[in-house]
Structure formats: C-alpha cells, structure tokens
Amino acid sequence: MKAVAEKKLAQNIPEYIIYMYQMEDLIRAYEFNIEDIKQYVVNHYPISLEEKEATAAWFSDLIELMKTEEITAKGHLNIIKAQVDLLAQTHWQLLKEDQVYFNIYNQAKPHIIQMIMDAEGVAIGHEIQICLNGIYGLLLAKLKGREIPKIYQEATEAFGAVLSYLNSYLQIKTQ
C-alpha cells in the first residue's frame, strides 16, 4: 500500500490524494488500531512478508501523524494538503495563461457552483478541493452500492478532466 501511494504520487497527484483520503478513512474506520489494520488489511494484501512489515510501519507512521496533527475525527494530513495546494496553485496559474485549460475548467465550473450552492453556506474549500471531494464522494457512493444520479456522474467527469489536465501539466513540468 505504501508502494502504491508512492507510485501514485510520482505519476498522478490527484489519484494519490484520493488514495490517501481512503487510507485516512480506513485508519479512522479501524479506530487507529494498528493491530486490527495489520490483521484485516495488511495481512490480506498480496505482498511479501517484508513488504507487509513495511506497510504496517507505514500505517503506524500515518496513525501517529494523524494523531499529532489532530485529525482523528476529520481532516487531512498536511502532506496531502500540500499536494492539494500544488494542484490549486497550478489551477490558478493556468486559468490566466492556458486557453485549453480554461475551456476544460469552464465545463466543470457550473458543477462547482452547484456544489457550493448545495453546501448551503458550509465552507467546502476552493475549486480544486471541490473537484477532489466530488470524485472521492463518487468513489464512496460506488463502494456502498448507491445509485449515482446522471448529473453527479457528469460533474465528476468534468472534475476528472480538470484534475487530469493539471496532473499532465505538472508531469510535463517536472520532466
């Protein structure tokens, strides 16, 4: 799982963020109990014993970070927020200078505005956070077997296009 996170971070920042949201929620679901995580998660993962030990240590580190950063009930780790901020900074930069990105963003904008209106005054973050939350929400709904309304599917497709473009831009920039 640690290797998956590292690969995602290197190749697809939005996927990394969503994966790490899952890991935070998994830790919360197991109430920060590393023994349960080892027994019910790590031991069932098809990796070598050495990799299982490294994965358990990684989960232990995440647990300690979450406790230290006081995000045991909700919130995200600073290391993940830094990646969200990188995407947001890139978003704001590209809006000013990249017409292709501007057009992709404009496809998502009505859905972003709708999410803000649906939040009824609750602060839900900036536009990139809204895109990430939308995709993560879709993932959770699918995992729970819920029916996904067509408008929500359209929104997450538009959010995915925004995040995909940002990731592609960052990948090219770092090469």
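Reading the values: rules and limits
- Residues numbered from 1 in each chain as written.
- Predicted model: local features only at pLDDT ≥ 70, side-chain atom pairs only at ≥ 80, totals over all residues.
- Heavy atoms only, no water.
- Helix = DSSP H or I, 4+ residues; strand = E, 2+ residues; numbered from the N terminus.
- Rg over C-alpha atoms; globule rule 2.2 N^0.38 Å.
- Contact = heavy atoms within 4.5 Å.
- Areas by Shrake-Rupley, 256 points an atom, 1.4 Å probe, with all protein chains shown as cover.
- Lys, Arg positive; Asp, Glu negative; His and termini not counted.
- Charge placed at Lys NZ, Arg CZ, Asp CG, Glu CD.
- Axes fitted to C-alpha atoms, helices over the stretch in contact; angles between N-to-C directions.
- Parallel < 35°, antiparallel > 145°, perpendicular 65-115°, else oblique.
- Nonpolar A, V, L, I, M, F, W, Y, C, P; charged D, E, K, R; others polar.
- Buried < 20%, exposed > 50% of the residue type's maximum accessible area, 1.4 Å probe, protein only.
- Salt bridge = Lys/Arg side-chain N within 4 Å of Asp/Glu carboxyl O.
- Left-handed = near helix turned anticlockwise from the far one by under 90°.
- Polar contact = N/O pair within 3.5 Å; in protein donor to acceptor, adjacent residues only side chain to side chain.
- Core = buried A, V, L, I, M, F, W, Y, C linked by side-chain atoms within 4.5 Å.

### Digging into the overall build of the protein chain
Scanning the protein chain from N- to C-terminus turns up 8 helices and 0 strands. Listing the helices and strands of the protein chain from first to last along the sequence gives α-α-α-α-α-α-α-α. On C-alpha atoms alone, the protein chain measures out to a radius of gyration of 17 Å, which is about the 16 Å that the 2.2 N^0.38 rule sets for 175 residues. Counting only C-alpha atoms and orienting by the principal axes, one finds that the protein chain spans roughly 50 × 40 × 30 Å. Look at the contacts in the protein chain between residues 6 or more apart in sequence, and 69% of them connect residues 24 or more apart. Surface accessibility of the protein chain: about 10,300 Å² in total, with carbon and sulfur atoms responsible for 54%. For the protein chain, the separation between the mean place of its 16 positive charges and that of its 23 negative charges on side chains is 2 Å.

### Structural notes on the environment of tryptophan 92
Structurally, tryptophan 92 can be placed in helix H5 (residues 78-97). Counting along the chain gives 18 residues from tryptophan 92 to proline 110, while the straight-line C-alpha distance between them is 17 Å. Dropping the residues within four chain positions of it, tryptophan 92 is found in contact with His126 and Glu127.

### Quick word on the packing of helix H2 (residues 13-29) against helix H4 (residues 49-68)
Where H2 contacts H4, the axes come no closer than 11 Å and their chain directions differ by 80°. When the axes of H2 and H4 are compared, the pair comes out roughly perpendicular. In this structure, H2 uses Tyr19, Met20, Met23, Glu24, Leu26, Ile27 and Arg28 to contact H4, whose residues at the interface are Trp58, Phe59, Leu62, Ile63 and Met66. For the contact of H2 with H4, the class distribution of residues is 10 nonpolar, no polar and 2 charged.

### A look at the side chain of glutamate 24
Take glutamate 24: it is sitting in helix H2. Despite being buried, glutamate 24 has no salt bridge partner; arginine 28 is the closest side chain of opposite charge, sitting 4.5 Å away. Look past the residues within four positions of glutamate 24 in its chain and what remains in contact with it is Met66, Ile71, Gly75, His76, Leu77 and Ile80.

### Topic: the packing of H5 against helix H7 (residues 127-143)
At a minimum axis distance of 8 Å, the contact between H5 and H7 shows a crossing angle of 125°. When the axes of H5 and H7 are compared, the pair comes out oblique. Seen from above, H5 lies across H7 with right-handed handedness. Contacts between H5 and H7 pair Val84, Leu87, Ala88, His91 and Trp92 from the former with Glu127, Ile128, Gln129 and Leu132 from the latter. Considering only residue class, the contact of H5 with H7 consists of 6 nonpolar, 2 polar and 1 charged.

### Concerning the side chain of asparagine 167
Within the secondary structure, asparagine 167 sits in helix H8 (residues 150-173). A distance of 2.9 Å separates a polar atom in the side chain of asparagine 167 from the backbone nitrogen of isoleucine 13. The residues contacting asparagine 167, other than those within four sequence positions of it, are Gln11, Asn12, Ile13 and Pro14.

### Topic: the nonpolar core
Residues Ile17, Met20, Ile37, Trp58, Phe59 and Ile128 are the most contacted members of the largest nonpolar core, which totals 45 residues. Contributing elements (two or more residues each) for this core: H2, helix H3 (34-40), H4, H5, helix H6 (99-118), H7 and H8. Among the elements that line this core, the one with the most residues is H2, at 10 residues. Once you skip the residues sitting within four places of it in the chain, isoleucine 37 turns out to touch Leu26, Ile27, Tyr30, Val42, Phe59 and Ile63.

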